[in-house]
Amino acid sequence: MINKIINLGDSALYCDFGQEVNKEINSKVIKYFNSVRKSNIEGVTNVTPSYNKLIISFNLSITNFKKIKKKIETLNIDYENKIINKEIQIPVCCENPFSLDIKRLEKKLNLNREQILEKFFNKKYFCYMTGFIAGMPFLGDLDENMRANRLETPRVKVPKGSIGLTEQFTNIYTFESPGGWNIIGNTPLNIFDSFNENEPNLINPGDTVIFKEITFSEYKNYHD
Amino acid sequence: MINSYFELIRSGINTTYQDKGRENLYHIGIPYSGAMDNRNFLIANKLVNNNLYAPVLEFAYQGPHLKYKGDKISIAVTGDVIFKIIKNGVENIGNCYESYQIESGDEIDIISTNKTIYGYLAIGGEIDIKFQWESCSINTKAKIGSNDGKKLENKQIIKLLKLNSNKDKKKINYINSKVENIRVIKGTNFNYFSEEGKQNFFEKKFIVSKLSDRMGMRLQGNKIDNIVKTNIKSEGLIRGVIQVPPDGNPIIMLSDHGTIGGYPKIGVVASVDYDRLVQISPGSKIKFTEIQLTDAETLFKLYEMDTDNLLSQI
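Residues numbered from 1 in each chain as written. Chains lettered and ligands numbered in written order. Predicted model: local features only at pLDDT ≥ 70, side-chain atom pairs only at ≥ 80, totals over all residues.

Details of the overall build of chain A
Of regular secondary structure, chain A possesses five helices and 13 strands. In terms of overall size, chain A behaves like a compact globule, its C-alpha atoms giving a radius of gyration of 19 Å where 224 residues would be expected to give roughly 17 Å. Split into buried and exposed, the 224 residues of chain A put 44% on the buried side. In chain A, the share of contacts with a sequence separation of at least 24, taken over all contacts with a separation of at least 6, comes to 63%. (Helix = DSSP H or I, 4+ residues; strand = E, 2+ residues; numbered from the N terminus. Rg over C-alpha atoms; globule rule 2.2 N^0.38 Å. Buried ≥ 20, exposed ≤ 12 C-beta atoms within 10 Å, placed from the backbone. Contact = placed C-beta atoms within 7 Å.)

Okay, structure coming up:
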């Protein structure tokens with residue numbers, strides 16, 4: 001199942017599931033992630049899934065690479081996906097002042113604004129992982145004609161709620177942060193809530209996200 | 001109800017509450033945080049009879065200036081720190097690794113760290129602060145932790161809920177060893193770099209850049225050329241990972257790091273050297289030497305034993 005397990009430094013395992021990025025490989029990663037978390041292996045301090053890798057950190061004071069590697073190799077993987085994945089609708093406004101990079105996207109993709117929005121909205125995007133900053137979902141895949149590179153110079157401050165595009169992926173800036181993705185719009189929804197300790201993330205790996213277009217006045221009135 | 005508190009006459013430039021940090025949250029994007037220099041954090045708490053993992057004030061470079069009101073309390077400063085204790089208008093230079101009894105009206109003026117970055121002030125008692133995910137540690141980037149996730153400000157009050165009954169004077173002889181050599185285990189993308197780049201990485205010295213903080217330490221020196229791909233598919237990061245972005249200047253991930261990254265990993269700092277790594281100040285030189293996994297494991301055990309021995313002497 002895992003192609004290879006090697007050490008990442010002296011207190012983490014690097015589990016490699018392959019080079020490609022697709023839903024199948026990522027689903028395997030998430031299954032392992034859920035099984036490792038459920039098995040409560042002594043000394044494991046963090047389990048981090050990504051597109052096609054799983055990193056398992058452990059406390060070197062009480063265990064080591066060899067012991068955890070053995071545990072992972074003999075781990076019972078729960079292939080039944082009992083975790084219920086949600087489908088979440090995210091309202092997004094692509095009007096001024098939110099669509100910071102629409103001009104750049106029009107040029108890069110050789111599409112006009114209407115074509116870009118039509119290809120972006122009302123599609124199902126799969127959540128591969130969350131992180132980089134707290135709660136940020138990495139979603140995919142964008143339409144083949146919607147794939148643009150990162151900005152040459154990243155922004156020092158991307159506003160909270162911004163929806164970014166890069167390559168085959170789209171994300172949501174859960175709070176103001178530096179970042180280099182092309183910003184197409186902004187959501188009034190709070191995606192990360194640090195006061196909800198049990199479930200701080202609105203979107204979790206395996207969930208499906210659908211973006212719904214809203215107008216500027218709908219955005220402004222969203223919380224009323 | 002007790003009415004004992006410190007007022008921050010000056011907060012210092014980067015003063016936060018820290019404890020051992022948070023586990024099991026990488027997958028939602030939250031790093032460990034916690035005291036950067038774990039050994040000095042533990043010693044500070046032991047000197048004032050606190051639980052070893054109790055919240056402390058961590059400061060970087062310039063520390064806080066505090067005035068105390070209330071019943072007698074003990075405090076201790078650890079690290080390589082210059083500070084004064086002011087009683088009835090009389091200033092005395094304080095010693096690190098020694099607890100002091102502080103009375104109402106006394107002031108503690110933590111002027112600065114000496115040739116290091118981080119220092120710790122432990123207060124013998126329980127501070128009135130909020131915990132998130134069982135930790136008070138402030139992560140200013142994610143606005144998580146006590147004090148609404150913000151660093152401490154001038155005029156702020158540090159209220160105490162309880163004072164430790166044992167206020168006996170305690171001290172320990174300890175000197176922070178200065179290091180330049182940091183031991184590194186080869187990373188998962190070590191072979192992405194040119195022969196010359198790999199050689200430079202382990203043979204040449206790097207300079208710590210001013211653009212370093214609790215998230216990461218940026219280095220400058222001989223550029224490390226990537227001959228494969230300058231970006232990888234984003235994947236998890238851990239504390240101590242050394243990433244090399246396209247410009248060829250390594251960045252070491254520190255306690256408040258982003259949990260996911262897309263730059264190749266040339267190496268990972270051995271856990272045994274983490275406390276000393278974080279104290280290397282901007283402008284200083286740093287040199288990496290390669291270490292094998294089993295040696296890194298053994299050295300970490302010895303380092304922990306050494307920490308335990310220090311703590312048991314207090």
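Back to the write-up after that little detour.
Overview of the domain arrangement of chain A
All names here are of chain A. Each domain of chain A was delimited in the assignment, giving domain 1 (4-73) and domain 2 (87-220). Each of domain 1 and domain 2 was reduced to a C-alpha centroid, and the two centroids are 28 Å apart. With six residues of domain 1 at the contact, the number on the domain 2 side is five residues. Residues that form the side of domain 1 that touches domain 2 fall into these classes: three nonpolar, two polar and one charged. (Domains from an automatic or database assignment. Nonpolar A, V, L, I, M, F, W, Y, C, P; charged D, E, K, R; others polar.)

What to know about the domain arrangement of chain B
Residues and elements named next belong to chain B. Structurally, chain B comprises domain 1 (5-163) and domain 2 (181-312). The C-alpha-based centres of domain 1 and domain 2 are spaced at 27 Å. On the side of domain 2, 16 residues touch domain 1, which itself brings 20 residues to the contact. By residue number, the principal contributor to the side of domain 1 that touches domain 2 is helix H1 (residues 38-47), which donates five residues.

Let's talk about the interface of chain B and chain A
Taken residue by residue, the interface counts 31 residues in chain B and 39 residues in chain A. Going through the elements one at a time, strand S16 (235-236) and helix H4 (293-312) of chain B are the ones with two or more residues in the side of chain B that touches chain A. Per-element tally for the side of chain B that touches chain A: the top contributor is H4 of chain B, with five residues. Of the residues contributing to the side of chain B that touches chain A, the split by class is 14 nonpolar, 11 polar and six charged.

Things to note about the sheet that holds strand S14 (residues 205-208) of chain B
Residues and elements named next belong to chain B. Pairing is mixed in the closed barrel, where seven strands are placed in the order S13-S20-S17-S18-S15-S14-S21. Put simply, the sheet's adjacent strands are angled 40° from each other on average, direction ignored. Bridge count for S14 against strand S21 (residues 285-290) is three bridges, and the pairing is antiparallel. When the sheet's bridge partners are listed, Ile-207 is paired in S21 with Lys-285. (Pairing = 2+ DSSP bridges. Axes fitted to C-alpha atoms, helices over the stretch in contact; angles between N-to-C directions.)

Some details on the nonpolar core
Core analysis: the largest hydrophobic core is formed by 141 residues, its most contacted members being Leu-13 and Ile-56 of chain A together with Ile-75 and Ala-122 of chain B. With near-sequence residues (within four places) excluded, Leu-13 of chain A lies in contact with Ile-5, Asn-7, Leu-8, Ile-55, Ile-56, Phe-65, Ile-68, Lys-69 and Ile-72 of chain A. (Core = buried A, V, L, I, M, F, W, Y, C linked by C-beta atoms within 7 Å.)

With respect to the sheet that holds strand S12 (residues 157-163) of chain B
Residue and element names in this part refer to chain B. On the basis of which strands lie adjacent, the open sheet formed by seven strands has the order S7-S6-S9-S4-S1-S12-S11 and antiparallel pairing. Whereas interior strands pair on both sides, the edge strands pair on one side only; in this sheet they are strand S7 (90-93) and strand S11 (125-127). Direction aside, the axes of adjacent strands within the sheet are offset by 25° on average. Looking at chain direction, S11 and S12 are connected through three bridges and run antiparallel. Bridge pairing links Ile-127 to Leu-160 in S12.

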